[in-house]
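Each chain is listed here by its residues.
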Amino acid sequence: MENRAYCGLDCLECDAFKATANNDDALREATAKNWSDMYNADIKPEQINCTGCKSDGIKVFHCSNCKIRACNIAKDIGNCSSCQDYPCDDEAYVVSHSLDAKDFIEAKKQTSK
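Along each chain, residues carry numbers from 1 onward, in the same order as the chain's sequence is written. Two thresholds apply to this predicted model, a pLDDT of at least 70 for residue-level local features and 80 or more for giving and counting side-chain atom pairs, whereas whole-chain, interface and lining totals are computed over all residues. Note that water and hydrogens are dropped before the side-chain values are worked out from all heavy atoms of the structure.

Caption draft 1: Quick peek at the overall build of the protein. Across its full length, the protein carries six helices and zero strands. Traced from its N-terminal end to its C-terminal end, the protein shows the element sequence α-α-α-α-α-α. It is over C-alpha atoms that the radius of gyration is taken, and the globule rule equals 2.2 Å times the number of residues to the power 0.38. A globule of 113 residues ought to have a C-alpha radius of gyration of about 13 Å, and the protein, at 14 Å, matches this closely. Structurally, the protein occupies a C-alpha span of about 45 × 30 × 25 Å along its principal axes. Any residue under 20% of the maximum accessible area for its type is buried, any over 50% is exposed, and the rest in between are partly exposed; the area is computed with a 1.4 Å probe on protein chains only. Within the protein, the proportion of its 113 residues that are buried is 35%. Only heavy atoms matter for contacts: two residues are in contact if any of them lie within 4.5 Å across the pair. Here the contacts in the protein between residues at least 6 apart in sequence split such that 47% fall between residues at least 24 apart. Accessible area of the protein: about 6,900 Å², with a carbon and sulfur share of 50%. In this description a helix means any DSSP run of H or I spanning at least four residues, a strand means any run of E spanning at least two, and both kinds are numbered starting from the N terminus. Per-residue accessibility takes into account occlusion by the displayed protein chains alone, with areas from the Shrake-Rupley method and a 1.4 Å probe.

Caption draft 2: Spatial organisation of a nonpolar patch on the surface. The patches reported here contain residues having more than 30% relative accessible area and no salt bridge. Joining distances are 9 Å for like charges and 5 Å for nonpolar side chains (Val, Leu, Ile, Met, Phe, Trp, Tyr). By definition, a salt bridge exists where a carboxyl oxygen of Asp or Glu is found within 4 Å of a side-chain nitrogen of Lys or Arg. A surface patch of nonpolar side chains, amounting to about 350 Å² of accessible area, comprises Met38, Tyr39 and Tyr93. With respect to the helices, strands and loops of the structure, tyrosine 93 is situated in helix 5 (residues 89-97).

Caption draft 3: Fine view of the side chain of threonine 31. For threonine 31, the location among the structural elements is in helix 2 (residues 25-39). If near-sequence neighbours (up to four positions away) are discounted, threonine 31 is found in contact with Asp15, Ala16 and Ile48.

Caption draft 4: Structural detail: the pattern of salt bridges. Taken as a whole and judged by the stated rule, the model has five salt bridges. The partner of arginine 28 in a salt bridge is aspartate 25, and the shortest N-O contact between them spans 2.8 Å. Of this pair, arginine 28 and aspartate 25 both sit in helix 2, three residues apart, which is roughly one turn of the helix. Put simply, lysine 75 and aspartate 85 hold a salt bridge, and the shortest N to O gap is 3.0 Å. Here lysine 75, found in helix 4 (residues 67-75), pairs with aspartate 85, found in the loop between helix 4 and helix 5; they are 10 residues apart in sequence, far enough to count as distant.

Caption draft 5: Just helix 6 (residues 99-111), in detail. Multiply 1.5 Å by the residue count of a helix minus one, and that product is the helix's expected span. Under the 1.5 Å per step criterion, the end-to-end length of helix 6 is 18 Å for 13 residues, consistent within 8% with the ideal 18 Å. Residues of helix 6 that are buried: Ala101, Phe104 and Ile105. Buried residues of helix 6 fall within an arc of 90° about the axis and therefore sit on the same side. Turned more than 90 degrees off the buried face of helix 6, the exposed positions are Leu99, Asp103 and Thr111. Residues of helix 6 that are buried in the fold lie against helix 5. In this context, the arc is that of the directions from the helix axis out to the C-beta atoms.

Caption draft 6: Structural detail: the environment of cysteine 71. With respect to the helices and strands, cysteine 71 occurs in helix 4. On the basis of relative accessibility, which here comes to 30%, the residue cysteine 71 falls in the partly exposed class.

Caption draft 7: Molecular detail of unusual backbone geometry. Following tyrosine 86, the chain continues into proline 87 via a peptide bond in cis, with omega recorded as -5°. Note on placement: proline 87 falls in the loop between helix 4 and helix 5. Phi angles above zero are rare outside glycine, and asparagine 23 is one such case at about 45°. Mapped onto the elements of the fold, asparagine 23 is located in the loop between helix 1 (15-21) and helix 2. Here the phi dihedral of asparagine 40 falls at roughly 50°; this positive angle occurs in a residue that is not glycine. Secondary-structure assignment places asparagine 40 in the loop between helix 2 and helix 3 (61-64).

Function cannot be read off these values alone, since they describe shape.
Now the structure itself:
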């Protein structure tokens, strides 16, 4: 599995991915609390399961409903660097919150020119 999500986030650095890969209930609980506070939502530890954006397995709630993921799948592209609409409003939100994702997408865009 490629470790980068369509938006450029690194799945291997995601606590939901780590909790799933290591079957770590303590990390699930901590992540559920952290994300509940961050997103002002009621997120339960049992919702913290994900095998990665591009895997065929289970996705954490915000990845399974992700507009960026759906867009990349519909356009049959590997990530947003291949999209002529980059940066769109949805991707702009991600890269504004993750310099790593922005750097990844920008680097991929430069190498594809």
